[in-house]
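What the coordinates show
Listed here are the chains, written in short residue letters.
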Amino acid sequence: MDELVALCKRRGFIYQSAEIYGGLQGVYDYGPLGVELKNNLKSAWWQSMVYENDDIEGLDASILTKSMILDYSGHTETFTDPMVDCKSCGQRFREDQVPESCAKKDLTEARQFNLMFKTNVGPVDDESSYAYLRPETAQHIFTNFKNVVDSTSRNLPFGIAQIGKAFRNEITPRNFIFRVREFEQMELEYFVAPGDDDAAHSSWVQKRLKWWEKQGVPIETIELYEVPTDELAHYSKKTVDLMYKFPHGLEELEGIANRTDFDLGSHSKKQGELNINAKVKLNKDSNSKLTIKNNDGGMVVPFVIEPSAGVERGMLAVLNEAFTIESLPDNKSRLVLKLKPHLAPIKAAIIPLKKNDKNLVGLAKKIRSTLQELGLGRIILENTGNIGKSYRKQDEIGTPLCITVDFETLEDNSVTLRDRDSMKQVRINIKDLVKIFMEKIK
Ligand code: GAP
C-alpha cells in the first residue's frame with residue numbers, strides 16, 4: 001500500500017485534500033492522472049450498463065436530498081455505526097475498529113452514530129430547512145422511478161443507472177481511498193417482476209464479475225461473500241459482496257443486493273392497495289404510487305436488484321492489480337503500471353528525440369494533434385530530450401504507447417513505437433500510425 005500511495009502522490013493520481021492546511025481526514029483530491037483514470041473507469045461502467053444493454057436508462061439526480069426521502073428509506077433511523085470513545089485519549093472509533101493502543105483501555109459503551117451529513121437549504125435555519133448530502137445515489141433513482149417510466153414507456157424488466165458522489169461521515173476513515181467520507185458510486189437499480197428477482201440477482205453477480213475482469217481485476221482475485229441474514233441491510237433479502245484482496249486485506253469492492261420491493265413500496269402512497277412484500281413505514285407524504293404495469297396487465301411494485309460499486313475502491317483494485325515491479329536483465333528493475341489501455345490516463349506519449357529541436361518538436365506536435373483528434377483519450381507531448389527517463393516515467397503512469405520522433409523520421413516518415421508491457425520497439429511509417437494506435441488502445 002505504501003508504495004502505491006507514494007506513486008499516486010508522486011505522479012499526480014491522488015492527493016490528500018487540504019494538504020497545505022494539514023489535510024482533511026477521509027477526503028482526497030484527484031490529480032491530472034487520477035481524474036483521467038477515474039473518468040475512464042466510470043465511462044467503462046456507463047458504456048457496459050447504459051449503452052451495451054438496451055433496457056437501461058441513465059440518470060443524474062441531485063446530491064442534496066430532502067430529509068423526507070431518507071426518513072421513508074430508513075436511513076434516518078438505521079444508517080448508523082456503533083461508536084465508542086477511548087476515555088484515555090479521548091478519540092472516537094467505530095466499535096469494530098478500535099486500534100490496539102486503545103483496545104485494552106477504558107472504552108465507553110457503544111452508541112449509534114448516524115453517518116449522514118446534514119445541511120441547510122435556503123436562508124432559514126430550522127427543522128423545516130434541513131436536508132442531507134446523499135449517503136447513496138440509489139434513493140433518487142427510486143423517487144424518479146415514475147418520471148423515468150412515464151418519459152421512456154419502459155416495461156419490466158428495465159434498469160436505471162447512475163454515477164455520482166455519495167457522502168458518509170465515517171467514524172474511522174482509513175486505508176487510503178478505501179474508506180472515505182466523500183466518494184463516488186456507480187449504481188444500477190434493475191427493476192423486475194416479483195418472482196423474477198432471484199434469477200436476476202444471480203445473473204447480475206455473474207455480469208459484474210465479468211466486467212471487473214475486463215477492467216484488469218481477474219475473477220480469481222474476487223471472492224463471493226453472501227452476507228448472513230442477521231447482517232443484511234434493512235432493505236435486503238439477499239446480498240452478495242464481491243470481496244477483493246486489497247493491499248490491506250480482503251474487503252468489499254461491490255455489493256449486489258436484492259432490495260425487494262422495499263424502496264418503491266416505502267416511497268409510495270396508498271401502500272395498503274399495493275400488495276407490498278417488504279415491511280415498510282406507513283407513508284403519509286408521497287403523492288405517487290411507484291408501480292408499473294406487469295405482463296398480466298395489472299399494476300405491480302417491482303422488485304429491485306442493485307449492483308452498487310465504489311469508484312474509489314475500483315480505482316484502488318485496478319491500480320493494485322496493475323502495479324508491477326519487473327526485474328530487468330542488467331540487475332535493474334522497473335516499475336510499470338500495466339493498466340488496461342482503455343483505463344490508462346495517457347494513451348500515448350509523443351517524444352521528440354532532441355528537446356526543443358524545431359523540426360522534431362513540430363512534427364511531434366502534429367502527430368499529437370492527429371491522435372488526439374481521434375477522441376480516444378489524452379495524448380501528450382513529452383519534450384524532455386531524455387528518452388530513457390521518458391520511457392520510465394510513462395511506464396510508471398501506465399501509458400501503453402510511446403512514439404519517438406527522431407532525425408530518421410524527418411527523412412523517411414518513420415517513427416519508433418514502444419510497447420509499455422513488452423518494451424519492444426518497432427519502426428513504423430507515420431501513415432500507419434492511426435490504424436495501429438486505434439487497434440492497441442481500444
Ligand atoms: N446503495 C447501496 C449501497 O450504498 P453500500 O454497500 O453501502 O451499498 C456500495 O455501498 C459500495 O459503495 C461499496 O461496495 C463500496 O464500493 C462503496 N462505498 C461504500 N462506502 C464507502 C466509503 N466510505 N468509502 C469508499 N467507498 C465506499
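Coordinates for the structure precede this section.
This section reports on the structure supplied with the text. Note that the structure is a prediction, hence the values are computed from the model and not measured.

Rules and cut-offs
Residues numbered from 1 in each chain as written. Predicted model: local features only at pLDDT ≥ 70, side-chain atom pairs only at ≥ 80, totals over all residues. Heavy atoms only, no water. Pairing = 2+ DSSP bridges. Helix = DSSP H or I, 4+ residues; strand = E, 2+ residues; numbered from the N terminus. Axes fitted to C-alpha atoms, helices over the stretch in contact; angles between N-to-C directions. Buried < 20%, exposed > 50% of the residue type's maximum accessible area, 1.4 Å probe, protein only. Polar contact = N/O pair within 3.5 Å; in protein donor to acceptor, adjacent residues only side chain to side chain. Salt bridge = Lys/Arg side-chain N within 4 Å of Asp/Glu carboxyl O.

All right, on to the sheet that holds strand S14 (residues 249-260) then. Judged by pairing direction, the sheet is mixed, and its seven strands sit side by side in the order S3-S10-S11-S17-S14-S13-S12 without closing on themselves. Two strands bound the open sheet, and with one partner strand each, they are strand S3 (56-59) and strand S12 (222-226). Going across the sheet, the axis of each strand differs from the next one's by a mean of 25 degrees, ignoring polarity. One ladder, built from four bridges, connects S3 with strand S10 (residues 158-167); its direction is parallel. Looking at the pairing, Glu 57 lines up with Ile 160 of S10.

Among the residues of helix H12 (residues 387-397), those classed as buried are Ile 387, Ser 390, Tyr 391, Gln 394, Asp 395, Glu 396 and Ile 397. Between the side-chain oxygen at the start of H12 and the backbone nitrogen of Gly 388 there is a gap of 3.3 Å, and the oxygen is on Asn 386. Trailing H12 by a residue or two, Gly 398 shows a phi angle of about 85 degrees, which is positive.

To continue, consider the pattern of salt bridges. Taken as a whole and judged by the stated rule, the model has 32 salt bridges. A salt bridge links Lys 165 to Glu 182; its shortest N-O distance comes to 2.8 Å. Pair noted here: Lys 165 is in strand S10 and Glu 182 is in strand S11 (residues 182-192), with a separation of 17 residues, a long-range link. Classification of Glu 182 by relative accessible area gives partly exposed; the value is 29%. Residue Arg 427 pairs with Glu 408 through a salt bridge whose shortest N-O separation is 4.0 Å. Highlighted residues: Arg 427 in strand S24 (residues 425-429) and Glu 408 in helix H13 (residues 407-412), separated in sequence by 19 residues. Among the residues examined, Arg 427 registers a relative accessible area of 33% and is labelled partly exposed. According to the relative accessible area criterion, Glu 408 is partly exposed, its value standing at 43%. Among the ionic contacts, a cluster of salt bridges with common partners joins Glu 326, Arg 334, Lys 338, Asp 395 and Arg 418.

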